[in-house]
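# Observations on the three-dimensional arrangement
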Amino acid sequence: MSRTLAVFAINAREAVNSLRAARLRTVLGLIGIMIGISSVITMISLGEIAKAQARKKFEALGTDVLVVRQSDDASTPEQQRATIDLSDAVALGTLPSVAAAAPRIWGHGEFRYAGIPLGDGSIHGVPASFGNVYKLSLQAGRFVSDLDVDRAYCVIGAGIANAIRQAGTKRLVGELLEVDAALFTIVGVLDSQAENYALPVRVEANESVFVPITTSRRIIDNPLIDAIIVRARAGIHHETAAAHIRSFLRSRDPHLALDVVSAKELIAQMEAQMQIMTLLLAAVGSIALIVGGIGIMNIMLVSVAERRREIGVRRALGARRGDIRSQFLIESMMLTMAGGSLGMILGSAATYALCQFTGWAFSISAMSLASGIGTASAVGVFFGFQPAHQASRLDPIAALKDA
């Protein structure tokens, strides 16, 4: 043990001296490994951060949310003709496993205020429960009410509200808005809403108008319910709620082909996809690391060629092949570990900068740091072994003669 430690200390000292003597090659090797390790750490960290951001969006809306839609896989003519009835969709809210249900009729239209075009956007025919289920917050006024049956009332998104304010109007509630040639009285204005891509239902609330669902059937060309957003009761498993919903709607129309997707199922799918994406990102980053590793091998091969006399003298004085091999392996490991340490710092800094740019919460996963350390060690051993083995196989007499 004492001999092994002594040899290790001597080899480490020789490795440091050798790296100092060839400063340019050492710096170039450090840069290659540093870029490779930082790429791996940055890619893995961004994949983990993106996964956390997506989960946060799900949790902001609630993991007790289910989306009910007619299936695109309807195979029989009866299934293709079957549609969800409005009264049945509203009645979902009375199921014991359902806290609230909000059907939606969706369309697209153009908006005008006092004859001024405001552009186009989505028209959502919704009940009063939609605002609570989708967690829409109001800036002024109120949301559509279940008492607004067939009434020409609307709630506008923040983008439309800003466009009206640019026309010179400050007080929006009570003003008239033209929606596809029909006049609506504005009863509410929404706060600016970030689009939530967690669920397979796009709202784009900022550029949308929300009208009573009964009214929407008169102004939307294809007034069919395209989705029902359901919030399950507390303590009810999402599969139980989904089974109750399917059973209820098929009891009303046995030909209905339904897709009931829960937020928890979407979270599981999303995390599986993000895991694959993280691995792909890590693989892309590893390309730079492989290039850096090849550079390390070239540096070590040149070092062996330049130090043939040194190797011959050490072998003539009694150094074993294993001693020579360990000397060059230690040198390779020191170079890659130093580059790996710098790469972890650079990767963390790059991740922080990208998070500042995107507005994501910064974090460095333990997995990315562990992978950086482990990868640097593996690169040092893998790409340093061949030069070290070549050095240990040199004939001392031939090495001294060539020198």
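The preceding data block contains the structure.
Now for a look at the structure at hand. (Residues numbered from 1 in each chain as written. Predicted model: local features only at pLDDT ≥ 70, side-chain atom pairs only at ≥ 80, totals over all residues. Heavy atoms only, no water.)

This part takes up the packing of helix α11 (residues 321-358) against helix α12 (residues 366-392). Here α11 crosses α12 at 150 degrees, and the two axes come no closer than 7 Å. The orientation of α11 with respect to α12, classified from their angle, is roughly antiparallel. Judged by the twist between their axes, the crossing of α11 over α12 is right-handed. Taken together, the residues that form the contact of α11 with α12 break down as 14 nonpolar, eight polar and two charged. (Axes fitted to C-alpha atoms, helices over the stretch in contact; angles between N-to-C directions. Helix = DSSP H or I, 4+ residues; strand = E, 2+ residues; numbered from the N terminus. Parallel < 35°, antiparallel > 145°, perpendicular 65-115°, else oblique. Left-handed = near helix turned anticlockwise from the far one by under 90°. Nonpolar A, V, L, I, M, F, W, Y, C, P; charged D, E, K, R; others polar.)

Side chains of a nonpolar character, in soluble globular proteins, are inclined to be buried together. By size, the foremost hydrophobic cluster in this structure holds 44 residues, and its most contacted members are I156 and L177. Among all residues touching I156, those that are not within four sequence positions of it are A161, I164, L172, L177, I186, G188, V189, L190, S208 and V209. (Core = buried A, V, L, I, M, F, W, Y, C linked by side-chain atoms within 4.5 Å. Buried < 20%, exposed > 50% of the residue type's maximum accessible area, 1.4 Å probe, protein only. Contact = heavy atoms within 4.5 Å.)

Right, let's get into the pairing of strand β2 (residues 98-113). Looking along a regular strand, one sees the side chains alternate between the two faces of the sheet. Relative to strand β9 (residues 225-232), β2 is paired through seven bridges, and the arrangement is antiparallel. The residue of β9 that forms the bridge with V98 is A232. Summarising the sheet, β2 and strand β3 (residues 116-126) pair through nine bridges and their orientation is antiparallel. Looking across to β3, one finds that W106 is bridged to H124. The antiparallel hairpin formed by β2 and β3 contains two residues in its connecting segment, where A114 sits at a positive phi of about 55 degrees. (Pairing = 2+ DSSP bridges.)

Here we come to the packing of aromatic side chains. Per the stated rule, a full pass over the model turns up four aromatic pairs. Between F130 and F210, the ring centres sit 6.1 Å apart and the planes meet at 40 degrees, which makes this aromatic pair tilted. Of the two residues, F130 sits in helix α5 (residues 129-133) while F210 sits in strand β8 (residues 208-212), which places them 80 residues apart along the sequence. Relative accessible area serves as the criterion here: at 1%, F130 is assigned to the buried category. Measuring from centroid to centroid gives 5.3 Å for Y352 and F362, while their planes differ by 85 degrees, and the two rings are edge-to-face. In this pair, Y352 sits in helix α11 while F362 sits in the loop between α11 and α12, placing the two residues ten residues apart along the sequence. Looking at F362, the relative accessible area reads 38%, which means it is partly exposed. Here the aromatic residues F130, Y134, F143 and F210 are joined through ring pairs into a cluster of three or more. (Phe/Tyr/Trp six-rings, centres within 6.5 Å; stacked < 30°, edge-to-face > 60°.)

Compared with an ideal rise of 1.5 Å per residue, which puts 15 residues at 21 Å, helix α8 (residues 238-252) spans 22 Å between its outermost C-alpha atoms and is within 8% of the ideal. Those residues of α8 lying buried are H238, A241, A242, I245, F248 and L249. Along α8, the residues classed as buried sweep out an arc of 135 degrees about the axis, all on the same side. Looking at α8, the residues exposed on the side facing more than 90 degrees away from the buried face are E239 and S251. (Expected span 1.5 Å × (residues − 1). Arc of directions from axis to C-beta.)

α11 packs onto helix α10 (residues 308-316) with a crossing angle of 145 degrees between their chain directions and a minimal axis gap of 10 Å. Crossing handedness for the pair α10 and α11: right-handed. Facing E310, I311, R314 and R315 of α10, the residues of α11 in contact are R321, I324, Q327 and F328. Broken down by class, the residue content of the contact of α10 with α11 amounts to three nonpolar, one polar and four charged.

This part takes up empty space enclosed by the protein. A full pass over the atoms with the stated rule returns one cavity of 30 Å³ or more. Taken as a whole, the largest cavity spans an internal volume of roughly 40 Å³. Lining the largest cavity, in full, are S18, L19, A22, R25, T26, I299, S303 and E331. Contributions of two or more residues to the lining of the largest cavity are made by α1 (2-21), α2 (23-61) and α9 (263-306). A per-class count over the lining of the largest cavity returns three nonpolar, three polar and two charged. (1 Å grid on protein atoms, 1.4 Å probe; cavity = no way out; pocket = protein on both sides within 12 Å on 5 of 7 lines; lining within 4 Å. Points joined across faces, edges and corners; volume = space filled by probe spheres on them.)

Our next topic: the pattern of salt bridges. In the structure shown here, the tally under the stated rule is five salt bridges. With a shortest N-O distance of 2.6 Å, D226 and R104 are connected by a salt bridge. Placement of D226 in strand β9 and of R104 in strand β2 is noted, with a sequence separation of 122 residues between them. Since its relative accessible area comes to 4%, R104 is described here as buried. Among the salt bridges present, the one from D150 reaches R218, with a minimum N-O distance of 3.7 Å. Here D150 is found in the loop between β4 (138-141) and β5 (153-156), whereas its partner R218 is found in helix α7 (residues 213-219), with 68 residues between them in sequence. Shared partners join several salt bridges into a network, and the residues in it are R69, R104 and D226. (Salt bridge = Lys/Arg side-chain N within 4 Å of Asp/Glu carboxyl O.)

So, about unusual backbone geometry. At K135, a position not held by glycine, the phi torsion is positive, near 60 degrees. Examined against the element boundaries, K135 turns out to sit in the loop between α5 and β4. The backbone of D180 sits at a positive phi, close to 50 degrees, despite the residue not being glycine. Within the secondary structure, D180 sits in the loop between β6 (176-179) and β7 (182-190). On the basis of relative accessibility, which here comes to 36%, the residue D180 falls in the partly exposed class.

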